[in-house]
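Breakdown of the fold
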Amino acid sequence: MAKHFQRTGRKLLGIDRQGWIKGFFGGNATLSIIILFLICFFLITEAVRFFPQHHEKLQLHRKSGQEYVNHIITEMNEYSQLVSLTNQAYFQELNEKYALQRGISNSFEAFLDPLEDDGEDLIEALEDAEDDPEALAQAQADWRAFVSGVVEGANRADIDSFGRLDDASWAALKKAMIDYDPVEEEPPAYVTQAQQELRDGMARFEEAKNEISSAGRELKQLRQKLVKIASKVKDDAAAEESAAERKKALLAGAETMTNEAEKAAQIEQANAIVIRDEFPFAARTEEIAASKDAHKAAVAELKEKLGIAVAKLPTELSSEEASALLDQVRKAHPPFVKWLDESVAKASTWQWDRKLSFFGSAMKFFFGVDWVTNSSWHDFYGLLPLFIGSFEISLIAIMFAVPFSIGAAIYVNRLAGRWEQTLIKPAIELIQAIPSVVLGFFGIVVLGEGLRDLSQIEALSWVPGFPMQERLNVLNAGLLLALMAVPTIFTLCEDALNNVPRAYSEASLALGASKLQTVIKVIVPTAISGILAAVLLGFGRVIGETMVVLLVAGNKIALPDWSAGLGVITQPTHTMTGIIAQEMGEVTKGTLHFRALFLVGLVLFTISLCINVAAQRIIKRLGHA
Amino acid sequence: MLEESKNPFVASSNRQKIIDRVWSVIFAGFTYFVLACALFIFGKITYDGAPVLFQAEAPFINFDFLFTSPQTLVEFRDGAGELVRMDASDFRSFKEENPDAVIRDEHTFSYSGGGILGPLVGTALLVIVCMIVSLFIGVSAAVYLNEYAHHGKLVGAIRLAIMNLAGVPSIVYGLFGFAFFCLAPWFPVLTYEVNPETSVFAFKVPMSKGFLSFEGWGNSLIAGGLTLAVMALPVIIAACEESLKAVPKGFREASLALGATKWQMIRTAVLPYATPGMLTASVLGVTRVAGETAPIMFTAAVADKAKLPWQEAEGSPLFWFSDLLTQSVQALPYHIYTVSARIPDADAVRDMRYGSVFVFLLLVMGFAMISIVMRARFRSKLKW
């Protein structure tokens, strides 16, 4: 025994053996601080370098005139949405009101193919026999026989492929086909009549539709012209920036060459690169600056023509969907016109040499509404849609999770029997162990389908966002994340309830309060700090979740369309965690995109740290009260 | 006044009883609804996934699914119009053997054929690397915090750091691991061919043909394992501390009174009794990391790999080991992500999807169950 506990007195660097052992353990413990520090360090070093690089890109964006042209592009995009709505309405109406006429016209054309292909000889015979009445009669008889053969033998599903014709008109069309004159290519009267009806009926709508789609012609041409110029300027400017380096590299390469001719050629190539102090942005963007008036004129024309055309849109339609679409157009028109004025006003302030503040370009990241990468035009890095997406999903998850987990915690801690307690607690903890990728998979194959089927039930159409368009959306992801948040909130809540001193509940019960009154009025208020902290930590867990949102949120980068009201919860979205997981694998180290993703990571990290700290504060602050 | 006051000991009114009853039913309903949701998920995945893993005739388990690696699945119609599905390798030999076989409507589905051996092995290796590292550091840190540390500033900072580490989103760990372990060039690799693009410094290893090159680990087993280890650390430290705390103070005092040094006391009087708790901690850690996808997505995992990691590694033992550690691996959660999100939905991929999800869920839930049972036993047993 004595030997076992013998002390050794050897020292190394002035520290004895016990000191070294302590140091070893202490060192490992300190690793957690070092790791936390390293995480901060790596996120920050990569993320912070995003800002100057981004600033430079934005400056180039401005100097090359892309910023100005971008206004026109967005104007055109908004306008094309109106156009596409109108077109949809037009075809909706056409299909519904004039289905029969359209069917006749299309079926007639479908008949022409076999007739003209197989009856080529007969048609030639008809043409040849024009002057000879006898031969003509014979040829016509042959033709008729051929036509009725073809018509009778035709497969109705092939000819009337959309099934628009009823039996009577199908028979009428078949009969009318005999009258078709292949020489003059004159459709039979039955068909021309149908076509005429269709044309007359839709004339007003078609005119309005065409006017709407032609209203932006000038703006479109302007856009095409300016996009080309701005892209060229940007590419040239970027190339020139690297000119000095390229020249150096070429010359260095030439030094090592042994072949004299090649060497000379390379040196010549290097010397051809002109290094200027400054890229002549002013001269190159002159044309863009000069087209401000043209832009104004084009927009004015668009507004005027659009106004006339929208007024011409028919108000009474037989298709409900079409009139709903047209209502949308009419509703969107006045704000669009107003927005156009603002856009033009904003665009006209563009000057290639106006200074761009560093702060302003940083704000373009935090409040930018576009996240577009790998585009040939310009990459936008705007956090806002991703942030809102993450926030939306987490909020829904927490809203669903809180009542369930707090209810379950109260039940298990205060109301349930003993065996229920011993079974339910580990069972809920088991839920925590479900891997998120499995939940995501479940969301894709089961919950998505299930929710969509559910949303199509008539009786549920009052629920905001129902029936849902997309299977993968905010609600789907939020529900799955709610299930993930339940164990976290439940466990912490249960702990908080457990920590309430027994004397409190005993005192309350002794005063005659019922069990429920005790829980609601004594125990929950006492444990409220723990419960709040639990909810916060649950939120932190949910907002940092990756796989579920990557698989289930729909991955569409866009601000929620608030016009749908609460229905935004059934729209697809994208999240901060999702974008990192999706794009990190494909970027090159050190690029702007790479750093943007690290910056998103830093934002996430900051959020989770803040939530943690806040939860700890709440427990400290309220815990002693 | 006197008439109005009631006996405070009378039973509460009927109305209150009913309200109590209703609310406790509502709370119970909440509880069981959550459990029912979880049960439905298990049930659905088991219902669709179990037939892939189990079969009616002996040996009852579909070993092909467990012991072959994923490969491309080919689906076609034969001469009789029957739908046939076979793995790409079988398909090739089938075509060689029957050159005139009629093959129509041929479709291929990536990663949907074969089994899940590669992903299983990869996940196992990742977890092993992670557990070795995180247990070593975690146990040491817990020993320090519980046995050595006084309540000073350093200890406060360490605890704060651990608490905050536990709340960091897993994808952020992934980013950190990607930048620190994969890209940063300070980690050395033993290799026969130095990568000129990433290596910052390399020298020849004496008595071998290879080099020691500082080029970062890239997308590799060790980078992924260490990233997971960082993630598991808070869980393991917390669980180990719990088990150390459960060892009664008397043991330590008795040991010290007998003249033991601090380290001898820890070695003989504390650690042996804390071992069951530490085992629980390690199972908890496995549960936490085995299910994670986000941290390994760009630090370790690949979707496609022809051979198993140890088959692909080569060279003399030391180099072989380095090669093994610096290889990218397939991993089950990443495989699930690939088959469920990155290849189009079709009937042919259904089996692979449900099969791998079922096996994965079985594994992770198994570990979770073990950890919960172990912890419950540990807590009830170790009351001195």
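Residues numbered from 1 in each chain as written. Chains lettered and ligands numbered in written order. Predicted model: local features only at pLDDT ≥ 70, side-chain atom pairs only at ≥ 80, totals over all residues. Heavy atoms only, no water.

In terms of nonpolar packing, the biggest core is built from 214 residues, with Ile39, Trp371, Ile580 and Met584 of chain A touching the most fellow members. Of the residues forming this core, the biggest block, 16 residues, is contributed by helix α4 (residues 117-148) of chain B. Every residue in contact with Ile580 of chain A, bar those within four places of it in the chain, is listed here: Leu597, Val600, Gly601 and Leu604 of chain A together with Ile171, Leu175 and Phe298 of chain B. Residues Leu82, Ile212, Phe281 and Leu325 of chain A belong to the second largest nonpolar core, which totals 48 residues. (Core = buried A, V, L, I, M, F, W, Y, C linked by side-chain atoms within 4.5 Å. Buried < 20%, exposed > 50% of the residue type's maximum accessible area, 1.4 Å probe, protein only. Helix = DSSP H or I, 4+ residues; strand = E, 2+ residues; numbered from the N terminus. Contact = heavy atoms within 4.5 Å.)

Let's shift gears to the confidence of the model for chain A. Confidence along chain A averages 84 in pLDDT terms, with 97% of residues attaining 70 or more. For chain A, strand β1 (residues 11-12) of chain A is the element with the lowest average pLDDT, namely 68, and helix α18 (residues 384-415) of chain A is the one with the highest, namely 93. (pLDDT = per-residue confidence, 0-100.)

All names here are of chain A. Turning to its location among the elements, Leu226 is positioned in helix α10 (residues 217-241). Residue Leu226 is classed as buried on the basis of its relative accessible area, which comes to 0%. Note: C-alpha distance between Leu226 and Ile267 (41 residues apart in sequence) is 36 Å. Beyond its immediate stretch of four places on either side in the chain, Leu226 contacts Tyr68, Val69, Ile72, Ile288 and Ser291.

Moving on, we get to the side chain of Ser64 of chain A. All names here are of chain A. Its location among the elements puts Ser64 in the loop between α2 (50-63) and α3 (66-97). For Ser64, a relative accessible area of 0% corresponds to the buried category. A polar atom in the side chain of Ser64 sits 3.4 Å from the backbone oxygen of His61. With residues up to four places along the chain from it excluded, the contact list for Ser64 reads Ala230, Val233, Lys234, Phe281, Thr285 and Ile288. (Polar contact = N/O pair within 3.5 Å; in protein donor to acceptor, adjacent residues only side chain to side chain.)

Taken together, the contact between chain A and chain B spans 78 residues of the former and 82 residues of the latter. On inspection of chain A and its partner chain B, the count reaches one salt bridge. Between chain A and chain B we count 10 residue pairs in polar contact (both at pLDDT 80 or more) in total. The element contributing the most residues to the side of chain A that touches chain B is helix α1 (residues 17-48) of chain A, with 19 residues. (Salt bridge = Lys/Arg side-chain N within 4 Å of Asp/Glu carboxyl O.)

This part is about the domain arrangement of chain A. According to the domain assignment, chain A contains domain 1 (66-88 + 218-357), domain 2 (93-214) and domain 3 (385-623). Of note, the centres of domain 1 of chain A and domain 3 of chain A, computed from C-alpha atoms alone, are 43 Å apart. (Domains from an automatic or database assignment.)

Residue and element names in this part refer to chain B. Looking at the element boundaries, Gln327 is found in the loop between α12 (317-325) and α13 (332-342). Engagement of the side chain of Gln327 in a polar contact is seen with the backbone oxygen of Pro309, the distance being 3.2 Å. Discounting residues that sit within four places of it in the chain, Gln327 has contacts with Asn219, Ser220, Leu221, Lys305, Pro309, Glu312 and Ala313.

For the rest of this paragraph, the subject is the sheet that holds strand β2 (residues 83-87) of chain B. All names here are of chain B. Across the sheet, which stays open at both edges, the three strands sit in the order β2-β1-β3 with antiparallel pairing between neighbours. Every interior strand has two partners, whereas the edge strands, β2 and β3 (104-114), have only one. Strand after strand, the sheet turns through a mean of 20 degrees between neighbouring axes, direction not considered. In this structure, strand β1 (residues 70-77) lies alongside β2, joined through five bridges in antiparallel fashion. By the bridge assignment, Val74 is partnered in β2 with Met86. Here helix α3 (residues 88-97) sits on the sheet in contact with β1, β2 and β3, set at roughly 110 degrees to β2. (Pairing = 2+ DSSP bridges. Axes fitted to C-alpha atoms, helices over the stretch in contact; angles between N-to-C directions.)

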